[in-house]
Amino acid sequence: METTSGAVAQAPAAEGGRQVSSARRTADGYLQAPFPWYGLDEAFTGPRWLMQVGTSADGAVEHGSIGHGDEPSVKNEAGSAAEPKEKFAVVVTVAANPSRRSADGTGLLEATSVSSAAWLAGVGLLSFTWPGQMDHSLRDDWLDQQTETAWVLADDLEGADWSTLSLPVDGVPTPFHYRESEFGWVLAGSTPEGVHVGAYGRGMSAYGLGFAMIKDISAYA
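Residues numbered from 1 in each chain as written. Predicted model: local features only at pLDDT ≥ 70, side-chain atom pairs only at ≥ 80, totals over all residues. Heavy atoms only, no water.

Asker: I'm lost on the pairing of strand β3 (residues 61-69) in this one. Help?
Answerer: The two faces of a sheet get side chains in turn, since along a regular strand they alternate between them. The buried fraction of β3 amounts to nine of the nine residues, a majority that puts the element mostly inside the structure. Sheet analysis places strand β2 (residues 48-55) next to β3, joined by six bridges and oriented antiparallel. The residue of β3 that forms the bridge with R48 is H68. Counting the residues in the hairpin turn of β2 and β3 gives five residues, including G59, whose phi is positive at 90°. The pairing of β3 with strand β5 (residues 88-95) spans seven bridges and is classified as antiparallel. (Buried < 20%, exposed > 50% of the residue type's maximum accessible area, 1.4 Å probe, protein only. Helix = DSSP H or I, 4+ residues; strand = E, 2+ residues; numbered from the N terminus. Pairing = 2+ DSSP bridges.)

Okay, structure coming up:
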């Protein structure tokens, strides 16, 4: 994630704006990451699937997402009340990096933090929904506004919009920042393994989740 406005515009695409069927996703990008990936722990027995990785300007993998449950599609929330909503949880892993120069020396790469994971999770959730009263043609403008709001919220994790939730990470109770909205829930925290973990979901309660390091990411392809 670079300290440029371009990084803001690119985030939705990195976290799910481009729809790719699970059959076409591979673990190649995930295998290039120098950090471990996290997903839901073994208590979750449903489907698991790869999404996308995000890279810095120099091509280094910085973050990526693993989906659990139903594969979400962009849906207008004004659908039939009788229509069951998708139940999913997406786990976002973000490398814990300090502020540093890009490989070509032309720019400064922004340090990552729990706020980075919270923002990516918030934008990820937004990328799969829009308000029922809104015309489809206005969704891009709405998404831009909400993306900025997600950044403001992620930059103030101690604010009133967030509560604290303790969830297991590799079996160890770990504090997370948590918030709910009309579109779903978002949470973010850190692990002892040098990564930040964010998550977002809908139709699945966050309170019963646990996270664990993925031993073999290639098994998800």
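Picking up after the structure, the text goes on.
Asker: Hey, could you run me through the pattern of salt bridges in this one?
Answerer: A side chain with one charge can pair with a side chain of the opposite charge if their charged atoms come near. Under the defined criterion, the tally for this structure stands at one salt bridge. Between E86 and R202 there is a salt bridge; the shortest N-O distance is 3.8 Å. With E86 in the loop between β4 (75-76) and β5 and R202 in strand β12 (residues 195-202), this pair connects stretches of sequence that are 116 residues apart. Residue E86 shares its accessibility class with R202, and that shared class is buried. (Salt bridge = Lys/Arg side-chain N within 4 Å of Asp/Glu carboxyl O.)

Asker: What is the right way to look at the nonpolar core in this model?
Answerer: The tendency in soluble globular proteins is for nonpolar side chains to be buried as a group. In terms of nonpolar packing, the biggest core is built from 58 residues, with W37, L40, W185, L187, Y200 and F211 touching the most fellow members. Tallying contributions element by element places helix α3 (residues 114-126) first for this core, with nine residues. (Core = buried A, V, L, I, M, F, W, Y, C linked by side-chain atoms within 4.5 Å.)

Asker: How should I be thinking about the packing of aromatic side chains in this particular structure?
Answerer: In total, this model carries seven aromatic pairs according to the counting rule given. Aromatic side chains F88 and Y200 sit 6.4 Å apart centroid to centroid with 80° between the ring planes, which places their arrangement in the edge-to-face category. In this pair, F88 is assigned in strand β5 and Y200 in strand β12, connecting sequence segments 112 residues apart. The same class applies to F88 as to Y200, namely buried. Among the aromatic residues, ring-to-ring pairing joins Y30, F35 and W37 into one connected group. (Phe/Tyr/Trp six-rings, centres within 6.5 Å; stacked < 30°, edge-to-face > 60°.)

Asker: For this particular structure, what's the right way to read the packing of α3 against helix α4 (residues 139-154)?
Answerer: For any two helices packed against each other, one specifies the crossing angle of their axes together with the interaxial distance. Two elements in contact, α3 and α4, have axes separated by 9 Å at closest approach and are oriented at 155°. Judged by the angle between their axes, α3 and α4 are roughly antiparallel. Where α3 crosses over α4, the handedness of that crossing is right-handed. Seen from α3, the contacting residues are S115, A118, W119, G122, V123 and L126; seen from α4, they are R139, W142, L143, Q146, T147, A150, W151 and A154. Of the residues that constitute the contact of α3 with α4, the class distribution is nine nonpolar, four polar and one charged. (Axes fitted to C-alpha atoms, helices over the stretch in contact; angles between N-to-C directions. Parallel < 35°, antiparallel > 145°, perpendicular 65-115°, else oblique. Left-handed = near helix turned anticlockwise from the far one by under 90°. Contact = heavy atoms within 4.5 Å. Nonpolar A, V, L, I, M, F, W, Y, C, P; charged D, E, K, R; others polar.)

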